Amino acid sequence: MSEEETRPEPQDIPETPVDGSPILSPSERPTAVGGDDALAAIEASVASEPKITESKAPAAFAATVLGDTLPSAVREALSEAKGSHGHGHGGGHAAAHGDEHFAHTMPMMMLLGVLSALIILTVLTVAVTSVDLGSQGNFIVAMIIATIKAALVMGYFMHLVWDSKFNVFAFLSSFLFVLLFLSMALLDRGEYQPTIDRFEADQKTAK
Amino acid sequence: MSDTTTEHGGHGHGEAVYPYTPHHFFGAKQHFESGKLGVWLFLVTEILFFAGLFCAYTIYRAQHPEVFYWAHFYLDTFWGAVNTIVLILSSFTAAWAVRNAQLGQTTLLRINIVITIACACVFMCVKYVEYSHKFHDGLLPARHFAPVHEVWESEHFVHKHPAAAKAAARIVAGIEARTAAGGKTALDTVQPRDGALALVPVSEGHAAEHGADAAATDPEVLAAAKAATESKLADDVWLESEVKKLTPEERRPLEMAGVIRKPADGPIAFARPAKAGIFFSIYFFMTGLHGIHVAVGIGLWIWMLTISMRRKFGDTYFGPIDFTALYWHLVDLIWIYLFPMLYLIH
């Protein structure tokens, strides 16, 4: 039983042609091939890893510009392709055992960018408390900033942006349930106040 | 890794290719992805675990906003902010450690794990300082709650609203003088159902000596309390007249903190808001549960450090570091919300 026989799961489909890129004509997966080099180029410029040697500036530029707008399936494929390059395998063998290249390595610049964004937002959220924005205004602003910070941590530090759809769905669904929990509990929060008041009055009479 | 191995595939070779992947996986990728799914599901249960406390917080805040305003004078934004920055830094080094593991940078990996552990320890030390302050001031959860200083005596309140703090001290001195004159303890005057003054005590137990101090040091207060006309007034009428004398600047902070109960909410009262201690129950449970997670995280990182000594991480084997980092980011994520909820109340 060879490994590639067990592999045709839906989410893995895009990566097989990418890994075997030398066999395919470039026109078949132009973005993927371009992005492959682009990411490798970014990687090289950022961390100057010795094993990454290729870079094609125009393709790199295009992929950097397009990077964020691409559907995540394509991005996944890109990251897969990058994995194979980063390791310095010469195309042909990668297809045979694409299994080994699944690491998505975060560029150093991106990690540093997220770190500084988080620190700036923390300073901002503390600074905002000195401005009076009404009774609930400050709390809402603080929670919005917290949510932006949480999104940065989840998307980049926890690399959910590049994770499989199923993991993203599983994790985000927990927030849906928390929301449901909170809203249902808030709906009848005043419901038992009369009972509590009566109980407390009784306690006082009993004293 | 030669290509002959992969052409043959199979279990026998699989072990050679991926030394850390057990038999029952088809390869390192499946090994990694099953582990990762498990970690995500664990994180889901963690979120739901904390959701119970978030729910308690939300409901209590919705019902008693004044208690939160009252409580924020006891909390130190500075230390909260320091801890936020420390945790964000440790999250960054954790994310960097994952990168190191994937690229097989063993030395950097160990350095980053050690920095992460160091940040976690700093976090715990700051928590220790905060907690010991709270314990010292009697700000304890549930029935152990017995604040040493009332809110108008607290450092932050005096700093932020000096006029209101002075006015509060004046009224409290008046209440204590009246109580002393009446020969009753402050507690005995709490009869809100009969419409009498709810003179809920300012630091029970110390009331008598406090009153004596105030009377001895402040002859004005003593004179005022002994004034025949005033002492003949019913307690609630006297308190109402005192409250009416306050300027808006003096009155508003005290009203927002629930110290002066608004007429609409029942008989007039001047006291610590009812059930204020529940805030500290919520505070200690939320930060305490989070603190336990940080402590567990320290243990996990130490474990990862030992694994990094024994095994070689690389782009096909970095799961343990990645999963520990995911857990660590979740701990950071929860703190990102706890910080504005507990330390930035305005």
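About the thresholds
- Residues numbered from 1 in each chain as written.
- Chains lettered and ligands numbered in written order.
- Predicted model: local features only at pLDDT ≥ 70, side-chain atom pairs only at ≥ 80, totals over all residues.
- Helix = DSSP H or I, 4+ residues; strand = E, 2+ residues; numbered from the N terminus.
- Buried ≥ 20, exposed ≤ 12 C-beta atoms within 10 Å, placed from the backbone.
- Contact = placed C-beta atoms within 7 Å.
- Expected span 1.5 Å × (residues − 1).
- Nonpolar A, V, L, I, M, F, W, Y, C, P; charged D, E, K, R; others polar.
- Axes fitted to C-alpha atoms, helices over the stretch in contact; angles between N-to-C directions.
- Parallel < 35°, antiparallel > 145°, perpendicular 65-115°, else oblique.
- Left-handed = near helix turned anticlockwise from the far one by under 90°.
- pLDDT = per-residue confidence, 0-100.
- Core = buried A, V, L, I, M, F, W, Y, C linked by C-beta atoms within 7 Å.

Right, let's talk about the overall build of chain B for a bit. When helices and strands are counted, chain B shows 15 helices and zero strands. Here chain B holds 346 residues, and 42% of them are scored as buried. Sequence-distant contacts in chain B: of pairs separated by 6 or more residues, those separated by 24 or more amount to 72%.

Now for helix 5 (residues 77-103) of chain B. All names here are of chain B. In a regular helix each residue adds 1.5 Å, so 27 residues correspond to 39 Å; helix 5 covers 39 Å between its end C-alpha atoms and thus fits that length. In terms of burial, helix 5 is a largely internal element, 21 of the 27 residues being buried. Directly beyond the C-terminal end of helix 5, a positive phi value near 70 degrees is found at glycine 104.

Our next topic: the interface of chain A and chain B. Listed by partner, the interface residues are 48 residues for chain A and 50 residues for chain B. Looking at the side of chain A that touches chain B, the elements with two or more residues in it are helix 5 (92-96), helix 6 (108-128), helix 7 (137-157), helix 8 (165-187) and helix 9 (193-206) of chain A. Here the side of chain A that touches chain B is built from residues that sort into 28 nonpolar, 14 polar and six charged.

Our focus in this paragraph is the packing of helix 5 of chain B against helix 15 (residues 319-343) of chain B. Residue and element names in this part refer to chain B. The contact between helix 5 and helix 15 brings their axes to 9 Å, and the two run at 160 degrees. Considered as vectors, helix 5 and helix 15 are oriented roughly antiparallel to each other. For helix 5 against helix 15, the interelement crossing comes out left-handed. For the pair formed by helix 5 and helix 15, the contact residues are Thr77, Gly80, Thr84, Leu87, Ile88, Ser91, Ala94, Ala95, Ala97, Val98 and Ala101 on the first element and Ile321, Asp322, Ala325, Trp328, His329, Asp332, Trp335, Phe339 and Tyr343 on the second. Looking at side-chain class alone, the contact of helix 5 with helix 15 contains 13 nonpolar, five polar and two charged residues.

Let us now look at the confidence of the model for chain A. Residue and element names in this part refer to chain A. Averaged over all residues, the pLDDT of chain A equals 69, while 52% of them reach at least 70. For residues 1-34, every residue scores under 50 in pLDDT, and the model assigns this stretch 49 contacts once sequence neighbours within four places are set aside. The low-confidence segment residues 82-97, where pLDDT is below 50, has 37 contacts with residues more than four positions distant or belonging to other chains.

This part takes up the nonpolar core. All names here are of chain B. Grouped together as the largest cluster of nonpolar side chains are 102 residues, with contacts concentrated most on Ala97, Ala168 and Val259. By residue number, the principal contributor to this core is helix 15, which donates 18 residues. When neighbours within four sequence positions are excluded, alanine 168 is seen to be in contact with Trp152, Leu254 and Val259.

All names here are of chain B. Averaged over all residues, the pLDDT of chain B is 81; the fraction at 70 or higher stands at 79%. Across residues 184-198, where pLDDT falls below 50, the model places 34 contacts with residues more than four positions away in sequence or in other chains. Predicted confidence for residues 200-212 stays below pLDDT 50, and this span has 22 contacts to residues more than four positions away or in other chains.

For Arg143(B), the location among the structural elements is in the loop between helix 6 (106-136) and helix 7 (155-160). Each C-alpha atom, one on Arg143(B) and one on Phe318(B), is 48 Å from the other, the two residues being 175 residues apart in sequence.

Bringing the environment of Ala169(B) into the picture now. When you line up the elements, Ala169(B) lands in helix 8 (residues 162-182). C-alpha of Ala169(B) to C-alpha of Trp152(B): the two residues are 17 residues apart in sequence and 7.4 Å apart in space.

Below, the discussion takes up the packing of helix 14 (residues 277-310) of chain B against helix 15 of chain B. All names here are of chain B. Where helix 14 meets helix 15, the axes come as close as 10 Å, and the angle between the chain directions of the two elements is 160 degrees. Judged on the interaxial angle alone, helix 15 and helix 14 are roughly antiparallel. The way helix 14 lies across helix 15 gives a crossing that is left-handed. Residues Tyr283, Met286, Thr287, His290, His293, Val294, Gly297, Leu300, Trp301, Met304 and Ile307 of helix 14 pack against Pro320, Ile321, Thr324, Tyr327, Trp328, Val331, Ile334, Trp335, Leu338 and Leu342 of helix 15.

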